[in-house]
Each structure stands twice: as C-alpha cells, then as structure tokens.
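Here is how the chains run, residue by residue.
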Amino acid sequence: MARAGLTAERLAAAGAELADEAGFDGLTVSALARRFGVKDASLYSHVKNLRELRQRVTLYAAGEFIDSIAAAVAGRAGKDALVAFADAYRAYALAHPGRYAATQHQVDPELLAGSTVMARTVDTTYGMLRAYGLTEPDLTDAVRLLRSTFHGYISLEAEGGFGHPREVQRSWERGVQALHILLEHWPRDDEGEKSDD
C-alpha cells in the first residue's frame, strides 16, 4: 500500500479523472483499484464504500468547479460577472463531463461539514447575484433558475441535442444576455403581501 501512496485525497483526484473517462456511473472501487495496481481492499483503508468514494469525488469536483468560476468572476460585477460565471460554468462542464456529473449529487452532511466547498459556492454565486440588488427569497429563486438553465443547456449541447444550424455558441451568448435582462428586472417576491390578505 505504501508503494501506491494511497490517501483519501489522492483517491478523490484519481476518481475524478476516472469519472471523466468512464462517466460518473463508471467510477467503481474495482476500477479505481486497478488504476493504482492494488486490490479493492487497499482502498477500503481510506474510504468505507463506493458511496463514500463517489461523495469524495463529488466534493473534489465541486471544489474545482467553483474555484474555476470564482477565478473568472473575480473583479467583475453585473453583466460582466454573469457572463464570466456562465462561460466558466459551461467550460468546466464540457471539459470535465464526469466531474460535472458528480457535482449534481448530494453529499452526506458529515462529509460536507469538513469541507469549505458549500461556503465558497454560496459566496461566489450569491455574491454575483447581489450586484443585481436581489435579496432572499429572490436570491435562492434566481440561483435555481440559473442552475437549471445552465444545466439544461449544457446537457443538451453535450448530447448533441441541438439540431438547428443556428450556431450553439451564439444561442448561448443570447441566452446569457436574456438572463441578464431578467435579473435586472426580477419580479420581487410578494408572498408576504399575499399572506396578509
């Protein structure tokens, strides 16, 4: 085992590479053990089971993902920040399909508690949206809209789902511009007013 230099962190990094090559569903303890030239049992000294291995890969990928977005957004605000955020999001997802798929999975609270990924994600995403003057609950609604829009577009693009000859890049740019306009004119939540009626 010393020969392989195994640690939970090294397994997560290698698992992320394997996820890009074989798909997140193709990430197994056996496949990863083969990569290190060891038996499956050697990995269980560092991760309890396949679930923990995949969750560690999820945290590893999520950290890379938000760090790349934060670097792109740094020093920008408003539309410039939104475009940088969106383009970094898409670039990572298309370049690392297995890692991106991993980021769509939930992580157990006890594993998440030892990580700063969630705090960095909230700081970066909500920070970018606050420039539009949004507060809760509108911030959460806007985050969900952006995430579902980006994820849907990228998933269709990766699967070759856009058959029209219109350039996919141009549609992406126009879509992000439309999101900017929407965020500038966000309909404020009126739940409080309705509940008083």
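In case you missed it, the structure is sitting above this.
Cut-offs used in this document
Residues numbered from 1 in each chain as written. Predicted model: local features only at pLDDT ≥ 70, side-chain atom pairs only at ≥ 80, totals over all residues. Heavy atoms only, no water. Helix = DSSP H or I, 4+ residues; strand = E, 2+ residues; numbered from the N terminus. Polar contact = N/O pair within 3.5 Å; in protein donor to acceptor, adjacent residues only side chain to side chain. Expected span 1.5 Å × (residues − 1). Buried < 20%, exposed > 50% of the residue type's maximum accessible area, 1.4 Å probe, protein only. Contact = heavy atoms within 4.5 Å. Axes fitted to C-alpha atoms, helices over the stretch in contact; angles between N-to-C directions. Parallel < 35°, antiparallel > 145°, perpendicular 65-115°, else oblique. Nonpolar A, V, L, I, M, F, W, Y, C, P; charged D, E, K, R; others polar. Salt bridge = Lys/Arg side-chain N within 4 Å of Asp/Glu carboxyl O. Arc of directions from axis to C-beta. Core = buried A, V, L, I, M, F, W, Y, C linked by side-chain atoms within 4.5 Å.

A. Region of the structure containing the side chain of Asp138. Structurally, the position occupied by Asp138 is in helix α9 (residues 138-158). Here Trp186 takes part through its side chain, which lies 3.3 Å from a polar atom of the side chain of Asp138.

B. Quick peek at helix α8 (residues 117-130). Taking 1.5 Å as the rise per residue, α8 with 14 residues should run 20 Å; its terminal C-alpha atoms sit 20 Å apart, in good agreement. Along α8, the residues classified as buried are Val117, Thr124, Thr125, Tyr126, Met128 and Leu129. As for α8, its buried residues are in contact with α4 (50-73), α5 (78-95), α9 and α10 (168-184).

C. Up close: the environment of Ala8. Inspection of the secondary structure puts Ala8 in helix α1 (residues 8-22). Judged by relative accessible area, which is 14%, Ala8 ranks as buried. Residues Ala8 and Leu43, 35 residues apart in the sequence, show an inter-C-alpha distance of 8.5 Å.

D. Expanded view of the packing of α1 against helix α2 (residues 29-36). Relative orientation of the contacting elements α1 and α2 amounts to 110°, with a least axis distance of 10 Å. Relative to α2, the element α1 is oriented roughly perpendicular. Facing α1, whose interface residues are Arg10, Leu11, Ala14, Gly15, Glu17, Leu18 and Glu21, α2 presents Ala31, Leu32, Arg35 and Phe36. The residue inventory of the contact of α1 with α2, partitioned by class, reads six nonpolar, one polar and four charged.

E. Spatial organisation of the pattern of salt bridges. Across all of its chains, the model carries nine salt bridges by this definition. Note that Glu64 and Arg99 form a salt bridge whose closest N and O atoms lie 2.9 Å from each other. Here Glu64, found in helix α4, pairs with Arg99, found in helix α6 (residues 97-102); they are 35 residues apart in sequence, far enough to count as distant. Arg120 serves as the salt-bridge partner of Asp67, at 3.1 Å between the closest nitrogen and oxygen. With Asp67 in helix α4 and Arg120 in helix α8, this residue pair connects regions lying 53 residues apart in the sequence. Linked through salt bridges whose partners overlap, the residues forming this network are Glu17, Glu21 and Arg35.

F. Spotlight on α9. For α9, spanning 21 residues, the distance from its first C-alpha to its last is 30 Å, which sits close to the expected 30 Å at 1.5 Å a residue. Listed in full, the buried residues belonging to α9 are Asp138, Leu139, Ala142, Val143, Leu146, Phe150, Tyr153 and Ile154. The buried residues of α9 occupy an angular sector of 135° when the element is viewed end-on, so they sit on one face. Contact partners of the buried residues in α9: α5, α8 and α10. One or two steps after α9, the chain reaches Gly160, where phi turns positive at roughly 70°.

G. Molecular detail of unusual backbone geometry. With an omega dihedral of 5°, the bond running from Glu136 to Pro137 counts as a cis peptide bond. You can see Pro137 is positioned in the loop between α8 and α9.

H. Just the nonpolar core, in detail. Formed by 51 residues in total, the largest nonpolar core has its most connected members in Leu129, Phe150 and Leu183. At the level of secondary structure, the elements contributing two or more residues to this core comprise α1, α2, α4, α5, α6, α8, α9 and α10. Ranked by residues supplied to this core, first place goes to α5 with nine residues. Those residues in contact with Leu129 that lie beyond four places of it in its chain are Leu134, Leu139, Ala142, Val143, Leu146 and Leu183. Ranked by size, the runner-up nonpolar core spans five residues in total, among them Leu59, Ala62, Val107 and Val117.

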